[in-house]
Each structure stands twice: as C-alpha cells, then as structure tokens.
Amino acid sequence: MIEAQGLSKSYGDFKALDDVSFNVGAGEIVGLLGHNGAGKTTTLKILTGFLQPDAGSIQIGGVDVIEDPQAAQAMIGYLPENAPVYSELSVQDYLLMVADVRNLANKLDAIKEAVVATALEDRLTTPIAQLSKGYRQRVGIAQAILHRPQLLILDEPTVGLDPSQLIEIRNLIKRLSQHSTILFSTHILPEVEALCDRAIILMNGKVRSDEQLDVLASTSSALLVLDDDVIGAAEALRNVTGVDSVERVSQASARDNVASQVAYRMTAFPNVDINPQLFALAKEQNWPLRELRYETQTLESVFNQLSQSS
C-alpha cells in the first residue's frame, strides 16, 4: 500500500528526514514511533502529498504521490495532529461540507456510514465548539473516512485524551482497520503495543528500527558486565551461536557503575536463549565476569536502547 524509498527533507540547515525507506502492506496497522522532532509529521505530510521531499520517491497503492498527488490523495484519509475542524459548524454541517469538497456522489450515505462508525449519532446537531476533545477527535476521524479510503493516516490521534477517551479512540481505530490500512504516528509506546502489527521507529530523521511486534516479543537480549576490558571480547561474543548483534554499552548499564567495568548487550535471534553459551564462554576464557542477566525485549526497551545509542 505504501512504498517509500530514500525520502529526505531539510528545513534550512536542519535535516528532518535522512534517506527514509519503508513499505506498508495492505491491511496492516503500523505505528510510526519517535520522539517529538524525530521526523514523524514530516513523513506523514510527504506521504499525503502536502509536502514535497528534497529526494526520494513515494507511492500509495501504486500511484506516485509526487507525480499525481490528487489520485493518491483520493485513496487517503488523513487526520492531522490538530484536526482542522470548523468549530462554529455543527457536526453534520461540517461533514456535509467535507463531502461537498470531496465531490462525493452519495454523500448522505457516506456521512451516515462515517457517523455510525465513529458513534456520533447523538452529536450531529451539536456545534463542534461544544464537543469534548475526544468527540472532536471522532469528528476528525469521521471526515478522514468519509470517502472510504484504502489508507488511513493519523497523526497523534490520542494526544491529550483522558483515559476513557483514549480507550474509545483506540477501539475505534481497531474497528476501522477492518476496512483500511492504517499508519499512525505517536510518541506513546503503549498505543503502538495495543494497536499495531508493526512499529517503525524514527530517530533524528532516520529509520532506526522496523519490526513486527510479535517478532519483537519473541526476541530476548542479555547484558554481560566484565570488571575489566578484555581484548577481543566483542568478536568472541559475536561468534556465539544464537547471537544476532553485539553492542558495547555505557558503564551506566553495569549495576555497580565501577569505572573499569565494561558492558555488552547481545540481542538473540527469536526464541533463542543465549545465556548458557555466554556463561560458558566467559568461564572458558576466564573473563572477570561481574554480571550476566537476561533481558526480555519490549518496545520500550528497544526504544530506550536506540535512544541511548543515537
């Protein structure tokens, strides 16, 4: 559904995106995750044709967004972070206006379907200014799905919502995923874990991770701490069966935080326990082992590891 290749975008001297590439298949729910300023909103604006990249290409449903933005936009429903609703209008008047702008042939049927999907039946005649933030978000989503889009792009759809509103919008997004591919940006990790099949992590304008959440959940890592540096330790750890990657991490990861301590984090292949092999290696090489501990990989732990190394 989405094919992004080598997207780059700068604002003056600031590089918002740096060679960003990813694909999203039809029917997926994908979270675009990152700190504020990581490049999420810039990516979404490029995907929706509202912003031109400095380099790279983007296709939506096989249509080149740069060459034919209107054809691509016809397949997209978009909810910006600050939904541009007209607060003086009632819900039904606003949706009628959007239907007219989109030139929908059966606009009353489309509005009815969107209103039912977002549970706005009891708020049709209410001025948008009088709605709670949660209901204003529903109105924003209703306008985004009015034309039955193949792709739904949501920018921070749950920011500022109270817990009950958050659950309502989360359940709404799950229902909408039955008919549309969904890409939404957020910096709230539990939202991605609750909703998504996959998470793409952006940091400093680069894709740092792109992983299925079920694969992530089946992956573990180990932290090995030595009292002193050992020449060739990293290479020896890479050669351990089941080890996917080895990273030397800051001594703050060592529990006692002694200046001479050296710590390595090893990521294992899915469903592999590498700790016995690591212990056997340290014993065989007579390394000054201080600590060896198992770490379950979660979205939060991956995000934090990437943040520390960025």
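Above this text is the structure in question.
Remember, predicted model here, so these are calculated numbers, not experimental data.

(A) Just the overall build of the protein, in detail. Counting its regular elements, the protein contains 11 helices and 14 strands. For the protein, the spread of C-alpha atoms along the three principal axes comes to 75 × 40 × 35 Å. A burial count over the protein gives 47% of its 310 residues as buried. When contacts within the protein are restricted to residue pairs at least 6 apart in sequence, those whose partners lie at least 24 apart make up 70%.

(B) Highlighting empty space enclosed by the protein. Overall, the coordinates contain one cavity of 30 Å³ or more when judged by the stated rule. Taken as a whole, the largest cavity holds about 40 Å³ of empty space. In this structure, the largest cavity is lined by A199, I201, S209, E211, Q212, L213, L216, L299 and V302. Those elements giving two or more residues to the lining of the largest cavity turn out to be β9 (198–203), β10 (206–212), α8 (213–217) and α11 (299–309). Per element, the largest residue contribution to the lining of the largest cavity is three residues, and it comes from β10. The residue inventory of the lining of the largest cavity, partitioned by class, reads six nonpolar, two polar and one charged.

(C) Expanded view of the packing of aromatic side chains. Per the stated rule, a full pass over the model turns up two aromatic pairs. Relative to Y94, the ring of Y86 lies with its centre 6.3 Å away and its plane at 45°, an arrangement referred to as tilted. Owing to a relative accessible area of 3%, Y94 belongs among the buried residues under this scheme. We note R123 situated over the ring of Y135; from NZ or CZ to the ring centre the distance is 4.4 Å. The aromatic ring of Y135 is capped on one face by R138, whose charged end is 4.7 Å from the ring centroid.

(D) The arrangement of the sheet that holds strand β2 (residues 14–24) in detail. As summarised here, the arrangement of the four strands in space is β2-β1-β4-β5, forming an open sheet in which the pairing is antiparallel. Edge positions in the sheet fall to β2 and β5 (63–64), since each has one partner strand and no second. Taken together, the seven bridges between strand β1 (residues 2–11) and β2 define a ladder with antiparallel strand orientation. Looking across to β2, one finds that A4 is bridged to F22. Packing against the sheet, helix α1 (residues 40–47) makes contact with β1, β2 and β4 (55–60), and its axis sits at approximately 60° to β2.

(E) Just the nonpolar core, in detail. Ranked by internal contacts, the top residues of the largest apolar core, which has 43 residues, are I182, I201 and L299. Ignoring sequence-local partners within four residues, the contact set of I182 consists of E28, I29, V30, L152, L154, I173, L176 and S177. Residues F22, V30, I153 and L202 belong to the second largest nonpolar core, which totals 25 residues.

(F) Structural view of the sheet that holds strand β8 (residues 181–186). Taken together, the six strands give an open sheet; going across it, the order is β6-β7-β8-β3-β9-β10, and neighbouring strands pair in mixed fashion. Strands with a single pairing partner mark the edges of an open sheet, and in this sheet they are β6 (76–79) and β10. Here the average twist between neighbouring strands, direction ignored, is 15°. Summarising the sheet, strand β3 (residues 29–33) and β9 pair through four bridges and their orientation is parallel. By the bridge assignment for β9, L32 is matched with I200.

Parameters at a glance
Residues numbered from 1 in each chain as written. Predicted model: local features only at pLDDT ≥ 70, side-chain atom pairs only at ≥ 80, totals over all residues. Heavy atoms only, no water. Helix = DSSP H or I, 4+ residues; strand = E, 2+ residues; numbered from the N terminus. Buried < 20%, exposed > 50% of the residue type's maximum accessible area, 1.4 Å probe, protein only. Contact = heavy atoms within 4.5 Å. 1 Å grid on protein atoms, 1.4 Å probe; cavity = no way out; pocket = protein on both sides within 12 Å on 5 of 7 lines; lining within 4 Å. Points joined across faces, edges and corners; volume = space filled by probe spheres on them. Nonpolar A, V, L, I, M, F, W, Y, C, P; charged D, E, K, R; others polar. Phe/Tyr/Trp six-rings, centres within 6.5 Å; stacked < 30°, edge-to-face > 60°. Lys NZ or Arg CZ within 6 Å of the ring centre and 35° of its normal. Pairing = 2+ DSSP bridges. Axes fitted to C-alpha atoms, helices over the stretch in contact; angles between N-to-C directions. Core = buried A, V, L, I, M, F, W, Y, C linked by side-chain atoms within 4.5 Å.

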